[in-house]
Every structure is written in structure tokens, then in C-alpha cells.
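Chain by chain, the residues run as shown.
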Amino acid sequence: MSYAETYERWKQDPEGFWMEAAQAIDWVKAPTRALNADNAPLYTWYADGLVNTCHNAVDRHVEAGRGAQTAIIYDSPITQTKHKISYAELRSRVASLAGALRAKGVEKGDRVIIYMPMVPEALEAMLACARLGAVHSVVFGGFAANELAVRIDDCKPKAIIAASCGLEPGRVVHYKPLLDGALELSTHQPDFCVIFQREQEVAYLEEGRDVDWHGFQYGVDPAECVPVEGDHPAYILYTSGTTGAPKGVVRATGGHLVALNWTMKNIYNVEPGDVFWAASDVGWVVGHSYICYGPLIHGNTTIVFEGKPVGTPDAGTFWRVISEHGVKSFFTAPTAIRAVKREDPEGKFTKPYDLSCLKTLYLAGERADPDTIEWAQRILNVPVIDHWWQTETGYAIAANPMGIDPLPVKIGSPSVAMPGYDVQILDEAGHPMKPGELGAIAIKLPLPPGTLPNLWNAEERFRKSYLDHFPGYYETGDAGMKDEDGYLWIMARTDDVINVAGHRLSTGAMEEVLASHPDVAECAVIGVTDQLKGQVPVGFLCLTKGVNRPEGEITAECVKLVRDRIGPVAAFKLAVVVDRLPKTRSGKILRATMIKIADSEEFKMPATIDDPAILDEIKTALQTIGYAK
Ligand code: COA
Ligand code: AMP
């Protein structure tokens, strides 16, 4: 069946389409219907089914006789370690960990925070939660203690599972002290913490609260899979919104299983047993969907890679991993490819490796620029597929369905809407726009299975952020257009979210931190174009009257403050002092104009600007840090 036929089949009969897709999942009790719209515009999927994620991701493959197949390959150029875990081993490791969690009181519906680096134990912790019907929330290691504390207070975990440390090139990330710091800041306290001691740094365990990963599993009975309702939350993943408070995106169990399984063949074109690799981090949605759940649910082999595209040890690392482990489909962020291209423009580092196993490279997380796509196509000699999605959706909204019917690639476009998504370009008043016209990208409700049904404990915010602006639609927060052939073109965010090295960050959150500096009276943070990371944040600081310390001292303190409060992942390294910020007469900061000036782009003087002379001052300040040429 062609893509067009598949999409039409879904459009004509969404219920039938998703009930059929659900048959690929093992249900304890099969759902009698897919969509429940009783509470529209809030929707649930497969709500009357009973199912367990861990059973589908692990046990069922063992029961089907594939226990000896490798489930996880751990490849860590940072620690020079490699090992493989079969599905059978994975089942016993996860059942034992789940048994130990259960023995300490973790039950269906309890939240568990996971704060771990790229080690297989991170996936095992996620799967152990899923086995019990506990709701995990993985926190990315590049966030600071304060961000961890905010998540602890929001989801109130019964337990926290952490590693003693993470490893960045040339630097040990002290997870345990960060965890201890977070628990000092948070009001909520978990009943206990499980610490996975890595040999690179053994952490101090606090008696009565912390238990050792291995020690607490001693002598416990392994846990069986606990069936949960199809709409039971599988996990919460926090993502950046407009303000400093992150949004807790909820993923419901049944839809997550059905949708991810569907994507593995239809989008990524892998068969069970094939090796699939997403070079991301378990702390992001790509890691949830395509390092852990998608490949395992579908019976693939997944790779846990603890390294960077360059420097661990060189720009050939990706190619080594692909050839050594026989990767068929590879998924990473454009920024990672840009980093490799910068070090190895000729693609010499591919030469020592036989890359014939690789059939397709997939890119997502940020806009894939044509140069990067063309370069990757040239040196790898495989199709490079851009696809567009968000933490909220959990999988691609638009892609090129390589396993159904590869469509012609239009470089710069993530191709077409996937079945389940009716994507529309709307004007401010919510009217559909013509092909080629730029507008807000919205998706007609209901969103398909596997997408967020709500935000954790924040239904009002969910409605306000996504549903209220365009009634009957989900507002993606992206702007763009659709061409005559139905290809989407994603141009920019419509909110204050920026994308730094494929990481989604809130400029509002950074502004909140900067505003807390005693010498800062007012501030603004914008995302400016960066050759490597796509965007980087730049802070503008207006100082409190009477402050006459050296500006460099204050900007350095502000940079440190953001790193300490949000974390190194914010990549906030540029701040300048200005007298005033450009504003409209009603007091709104003209961020879009500031971005254009920074990126040396033409701009139209905003009609509502209060004092145009301020723009010259902004330009001069930006020139001091190498922008606004
Ligand atoms: N734990 C702790 N710190 C982390 C971290 C983690 N898991 N991941 C990143 N950091 C730190 C980095 O060490 C860096 O710190 P520094 O300021 O001391 O150098 C900072 O956070 C910024 O990280 P990042 O923006 O990722 O840049 P980088 O210097 O680590 O290099 C590139 C990243 C340029 C190689 C980039 O191409 C890349 O691969 N980024 C990751 C892309 C990705 O996987 N995105 C996920 C979406 S699919
Ligand atoms: P995240 O939730 O971190 O995955 O970030 C989602 C956002 O990243 C989207 O809303 C887009 O702004 C951006 N994004 C993701 N993939 C793409 C893509 N292929 N092209 C352009 N932007 C993308």
C-alpha cells in the first residue's frame, strides 16, 4: 500500500486503523475500542484494555523464543567499555530490580524519578517501573540540582533511582551530590533512593534513605508484570515551556505501545532483530521513544551509546559504532552531524569502516539545514530523512515513511503528515491557509494514540498551552507552511522556546534566573543563530541604578548563575549589559527584532517601537560578542 493509500485509509476510518495497529501488541485484555472522546477535547486511547509495557518490550520476545537475541548493546567510548544484554538477561535483570522496588513499597501509579547517564541500567530502571505500573520521570543529567528539585516537587516520587556519576569528556558529573542538593531544595522527599555505583566514582550513601542498586536486590523475589489500563500513565517527561516551570508531558500506556511499534517498520523500516540506533540521551523524548521503548517493543536491538559525536575519541565514532554493531537505521540530531562535518569535512573518518549495513539516516530535534543533509548524503551514500516531532507527540508528526513507501525527499522539509495527524496551517484567527502561506502549525483533534493526553497535575495549563488558542486543534508552537504536494516546512517557534544542540530550552526560564541577580533590574534572553548548535542563548542585562561594578564581573556571575540553576545544558555563555531594552509603546520587549539584528538579517522597524535609537545600542552590544556583523 502506498503512503497516500495508508493515510487515506486512516482518514476514512481512524478507529479501524488504530484497532488494527493495536493487534501487534500483547494485551492482557484487548481493548474494545480505540478512541474515547467522552471528555473531548481531552481524549484517551485504548482505555478499557489491560496491558503491560515491560511485557511487550521484554518478556514477550523471550516467550516467543528470541531470548538469546541481543536487546541492548552498551558502547561507551568514554569508559572504553562494550557489552551486550540479551532479551533473556534483560528480563531477569528488570524483574529483579522491579522486585526490589516492590519490596520497598513501589506500586502501580507511584512515581519514580530516574536520574542516570547513558548506561543500560537507565533503561532497566525505566522498564522496572513499567513492569510494576509505576510512572517514571527521567531527568536529563545536564540539568542542575534546582531543576531536579522542581521535578521532585511536581511529581512527588516515592523513589529516586540515580547513578553515582555521569561522564562527560574530561569531566565527571557528580550525580549523587546533585541529587543530595536537589533533596535539600525540594519540599517533597522520596521514601528512598537507589544508587547505582559506577566504578568511576563511588558515592556516599545516606543511611536510612539510600540503598545500593545491587545490595537492595539481594534475596528479593522477581516481580511479574502488572497489567494496567490502556490510559494509565506510563511516564512523565518534563519539557520546556514559556515560563520557568517545566511542563510534565504525560504518556499513556496503550497508545504509546501501539504507536511506537507502528513507527518502527513504517517510518524506520526495521524488522524485528535488526539493529536500530538513536544517538541521543534517555533524558530526552528521543531517548524514551527510540533508545528504550520503540526498538524493544518491536523486538529490535538498541544501542546505549555513552559518548559524543566528536572527541570520543574522534569524528569517526558514529561510523565505528554503525559498522561494528551492524546498525540498519540510525537516528541523531542535525547538530551531531554538524559537529562531525566540522571536524571531518571530507568524510575521511568513514573510510576505515564498512557501512554497507546502514540503510537510512534519520534526523530530528531541530531544523535540519540543507548543507548538513547534503553532506551526510554524500559521505554515507544513504537517504537522509528529516522528520519533525515534539516531546508532546512522542513520535513523528511528519516524516518520510521509508517502510511504507519512500517518497521523494525535498531537502529542508520533514516531508508529510503521518497517519493520525491532520496537520493544518492556520492564520491568527484560526482559518486554514493556502499552500505556500506561512502560519501557525496546528493538528486537528484528536491527536493520535501515543501523544500526550494531558500535563501532569496541570490540566488548565494543558488547555491553555495547546487547546484554547485554536479551538478544535492542538497548537504545536511551531510556525511554517505546507506546499502543494502536502510537504511541511517548519520555520520557527511561535513561543519563547529555543533549540540549542537539539535540546529544547526556555528563554523565559533563563530570564527568571537572570532577574534574580541582585544587580539586574531587567533582562531579556533571545536565541541567536549558531553554526554548530543551531541556536545559542544571549542575555541582555539592564543593571539596577547605582550599580557600578565592572560589567564583566556581573555578566560572568550571570553566566554562572544560569549554569548553577538550570545546568550546563542551557549552554548560556553570552551576556551583555545594555542601558535599555527595545520595547513597544505598551512595554513588550521586541525580541524578534533583536534576533534579526543579532543574526545580521534585514528587519522592518516595528511600527509600535517606543524609541528606535535603542536598536543601535543593542547592535553595538551584540557586536562586542561577535554578532550583528
Ligand atoms: N550530563 C551532564 N552534562 C551534560 C550532559 C549530560 N548528560 N550532556 C551535555 N552536558 C553538558 C556538556 O558537557 C556541556 O557542558 P560544558 O558547557 O561544560 O561544555 C553542556 O552540557 C552543553 O552540552 P551540549 O549543548 O550538548 O554540547 P556539547 O558541548 O556536549 O557538545 C555537540 C554537543 C556539539 C557535540 C552536539 O553536536 C551534540 O551531539 N549534542 C547532543 C545532541 C543530542 O543528542 N540532542 C538530543 C536531541 S535528539
Ligand atoms: P522537543 O520537544 O525537545 O523534541 O522539541 C520539539 C521542537 O523541536 C519542535 O516543536 C520544533 O520546534 C523543533 N523540531 C523538532 N524536529 C524538527 C525538525 N525536523 N525540523 C524543524 N524543527 C524541529
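Fair warning: this is a prediction, and the values are worked out from it, not measured in the lab.

A. Main features of the sheet that holds strand E4 (residues 70–76). One open sheet accounts for 7 strands, arranged E5-E4-E17-E16-E18-E19-E20; its pairing is mixed. If you trace the sheet from one side to the other, it starts and ends with strand E5 (81–86) and strand E20 (384–386), each paired once. With strand direction ignored, the average angle separating the axes of adjacent strands in the sheet is 20°. Pairing of strand E16 (residues 275–278) with strand E18 (residues 327–332), which is carried by 4 bridges, proceeds in the parallel orientation. Residue pairing for E18: Trp277 is matched across the bridge by Phe330. Most of the contacts of helix H10 (residues 317–325) go to E18, to which it runs at about 150°, and overall it touches E4, E5, E16, strand E17 (301–305) and E18.

B. Representation of the site of ligand 1 in the model. Around ligand 1 lies a shell of 26 residues, among which Glu168, Arg171, Lys308, Arg563 and Lys573 are the nearest. Lys533 places a polar side-chain atom, nitrogen or oxygen, 3.0 Å from an oxygen atom of ligand 1. Compared with its free state, where it exposes 930 Å², ligand 1 has 84% of that area covered by protein. Mapped onto the shell around ligand 1, the elements with two or more residues apiece are strand E10 (171–173) and helix H11 (334–343). Counting residues per element, the shell around ligand 1 draws most heavily on H11, at 3 residues.

C. Summary view of the sheet that holds strand E26 (residues 488–493). If you walk across this open sheet you meet the 4 strands as E23-E24-E25-E26, and the pairing is antiparallel. Edge positions in the sheet fall to strand E23 (423–426) and E26, since each has one partner strand and no second. On average, adjacent strands in this sheet sit at an angle of 50° to one another, irrespective of strand direction. Taken together, the 4 bridges between E23 and strand E24 (residues 439–444) define a ladder with antiparallel strand orientation. The residue of E24 that forms the bridge with Gln424 is Ala442.

D. Local environment of the UniProt feature "domain: Acetyl-coenzyme A synthetase N-terminal" (unreviewed entry) in the protein. Mapped onto the present numbering, the UniProt feature "domain: Acetyl-coenzyme A synthetase N-terminal" (unreviewed entry) falls on residues 3–57. Helix and strand shares over residues 3–57 are 44% and 11% respectively, and the end C-alpha atoms of the span are 27 Å apart.

E. A look at the packing of helix H8 (residues 253–266) against helix H9 (residues 285–297). Two elements in contact, H8 and H9, have axes separated by 8 Å at closest approach and are oriented at 85°. In terms of their interaxial angle, H8 and H9 are classed as roughly perpendicular. Taken together, the residues of H9 that come into contact with H8 (itself represented by His256, Leu257, Leu260, Asn261, Thr263 and Met264) are Ser289, Tyr290, Tyr293, Gly294, Pro295 and Ile297. Classifying every residue of the contact of H8 with H9 gives 7 nonpolar, 5 polar and no charged.

F. The UniProt feature "domain: AMP-binding enzyme C-terminal" (unreviewed entry) in the protein, seen in detail. UniProt's entry tags residues 510–588 with the feature "domain: AMP-binding enzyme C-terminal" (unreviewed entry), counted in the numbering of this structure. Helix and strand shares over residues 510–588 are 27% and 32% respectively, and the end C-alpha atoms of the span are 18 Å apart.

G. Quick peek at the packing of helix H5 (residues 120–132) against H9. At a minimum axis distance of 11 Å, the contact between H5 and H9 shows a crossing angle of 55°. As summarised for this structure, H5 and H9 are arranged oblique, according to the angle between their axes. Handedness of the H5/H9 crossing: right-handed. Residues Leu123, Met126, Leu127 and Ala130 of H5 touch H9, and the partners they reach there are His288, Ile291, Cys292, Tyr293 and Leu296. Broken down by class, the residue content of the contact of H5 with H9 amounts to 8 nonpolar, 1 polar and no charged.

H. Molecular detail of unusual backbone geometry. With an omega of -5°, the peptide bond between Thr312 and Pro313 qualifies as cis. Among the structural elements, Pro313 can be located in the loop between E17 and H10. Even without being a glycine, Asn381 presents a positive backbone phi close to 60°. The residue Asn381 is located in the loop between helix H12 (370–380) and E20 in this model.

I. Region of interest: the site of ligand 2. Surrounding ligand 2, one finds 14 residues, the nearest of these being Asp386, Thr391, Asp478, Arg493 and Arg504. Separating an oxygen atom of ligand 2 from a side-chain N or O atom of Arg493 is a distance of 2.7 Å. Between ligand 2 and Arg504, the relevant distance is 2.7 Å, taken from an oxygen atom to a side-chain nitrogen or oxygen of the residue. Taking 490 Å² as the accessible area of ligand 2 by itself, protein coverage stands at 92%. Tallied by class, residues from the shell around ligand 2 come to 3 nonpolar, 5 polar and 6 charged.

J. Main features of the nonpolar core. Counting 115 residues, the largest nonpolar core has Trp18, Leu101, Met116, Leu127, Tyr290 and Phe331 as its most contacted members. When residues in this core are grouped by element, the largest group, 9 residues, is from H5. Setting aside anything within four residues of it in sequence, one finds Leu101 in contact with Val106, Ala128, Leu132, Ile161, Phe192, Val194 and Phe216.

K. Here's a closer look at the environment of Ile425. Tracing the sequence through the fold places Ile425 in strand E23. When the C-alpha atoms of Ile425 and Gly439 are compared, they prove to be 5.4 Å apart, with 14 residues separating the residues in sequence.

L. Quick peek at the side chain of Asp59. Along the chain, Asp59 falls in helix H3 (residues 53–66). A relative accessible area of 4% places Asp59 in the buried class. Beyond its immediate sequence surroundings of up to four residues, Asp59 is in contact with Cys54, Arg91, Arg131 and Cys225.

M. Broad picture of the environment of Lys533. Among the structural elements, Lys533 can be located in the loop between strand E29 (520–530) and strand E30 (534–543). With 38 residues separating them in the primary sequence, Lys533 and Ala571 have C-alpha atoms 9.6 Å apart.

N. Spotlight on the packing of aromatic side chains. Per the counting criterion, the structure on display carries 30 aromatic pairs. Aromatic side chains Phe143 and Trp284 sit 6.1 Å apart centroid to centroid with 65° between the ring planes, which places their arrangement in the edge-to-face category. One end of the pair, Phe143, is in the loop between strand E7 (135–138) and helix H6 (145–155); the other, Trp284, is in the loop between E16 and H9, and 141 residues separate them in sequence. Using a relative accessible area of 8% as the deciding quantity, one classes Phe143 as buried. The class for Trp284 is buried, based on a relative accessible area of 16%. Between Phe318 and Trp319, the ring centres sit 6.1 Å apart and the planes meet at 75°, which makes this aromatic pair edge-to-face. For the pair Phe318 and Trp319, a shared accessibility class is recorded, and that class is buried. One aromatic cluster is present, built from ring pairs that chain together Tyr268, Phe276, Tyr290, Phe331, Tyr362 and Trp389. The residue whose ring lies beneath Lys104 is Phe192, and the NZ or CZ to ring-centre distance is 5.0 Å.

The rules behind the values
- For every chain, the first residue of the written sequence is number 1, and numbering continues from 1 onward in sequence order.
- By the order in which they are written, chains take letters starting at A while ligands take numbers starting at 1.
- Local features in this predicted model are restricted to residues whose pLDDT is 70 or higher, and side-chain atom pairs enter the listing and the counts only when it is 80 or higher, whereas totals over whole chains, interfaces and linings include all residues.
- The side-chain numbers reported here are obtained from all heavy atoms of the structure, hydrogens and water having been left aside.
- In this description, strands pair whenever DSSP reports at least two bridges between them.
- Numbering goes from the N terminus for both helices and strands, where a helix is a DSSP run of H or I of at least four residues and a strand is a run of E of at least two.
- Interaxial angles span 0 to 180 degrees and are taken between N-to-C directions of axes, which are lines fitted to C-alpha atoms, for helices over the stretch in contact.
- Only heavy atoms matter for contacts: two residues are in contact if any of them lie within 4.5 Å across the pair.
- For this description, a residue counts as near a given molecule or strand if any of its non-hydrogen atoms is within 4 Å of it.
- Within 3.5 Å is the distance limit for a polar contact, defined as a pair of N or O atoms, with the added protein rule that one can donate a hydrogen and the other accept it, and that residues adjacent in sequence qualify only through two side-chain atoms.
- Shrake-Rupley sampling with a 1.4 Å probe provides the accessible areas, and residues are treated as covered by the protein chains on show and by no other component.
- UniProt positions are given in the numbering used here, feature names are shortened, and annotations may be inferred rather than shown by experiment.
- Throughout this description, any angle smaller than 35 degrees is read as roughly parallel, any larger than 145 degrees as roughly antiparallel, any in the 65 to 115 degree range as roughly perpendicular, and the remainder as oblique.
- Three residue categories are used. Nonpolar comprises Ala, Val, Leu, Ile, Met, Phe, Trp, Tyr, Cys and Pro, charged comprises Asp, Glu, Lys and Arg, and polar comprises the others, including Gly.
- Note on convention: near helix rotated counterclockwise from far helix by under a right angle means a left-handed crossing. Clockwise means right-handed.
- As used here, the term nonpolar core means buried Ala, Val, Leu, Ile, Met, Phe, Trp, Tyr and Cys residues forming a set that is joined through side-chain atoms within 4.5 Å.
- Relative accessibility thresholds used throughout: buried, under 20% of the residue-type maximum; exposed, over 50%; partly exposed, between the two (1.4 Å probe, protein chains only).
- Between the rings of Phe, Tyr and Trp (Trp by its six-membered ring), a pair exists once the centres lie within 6.5 Å; its type follows the angle of the planes, with under 30 degrees stacked, over 60 edge-to-face, and the other angles tilted.
- We call a charge positioned over a ring when the NZ of a Lys or the CZ of an Arg lies within 6 Å of the ring centre and within 35 degrees of the ring normal.

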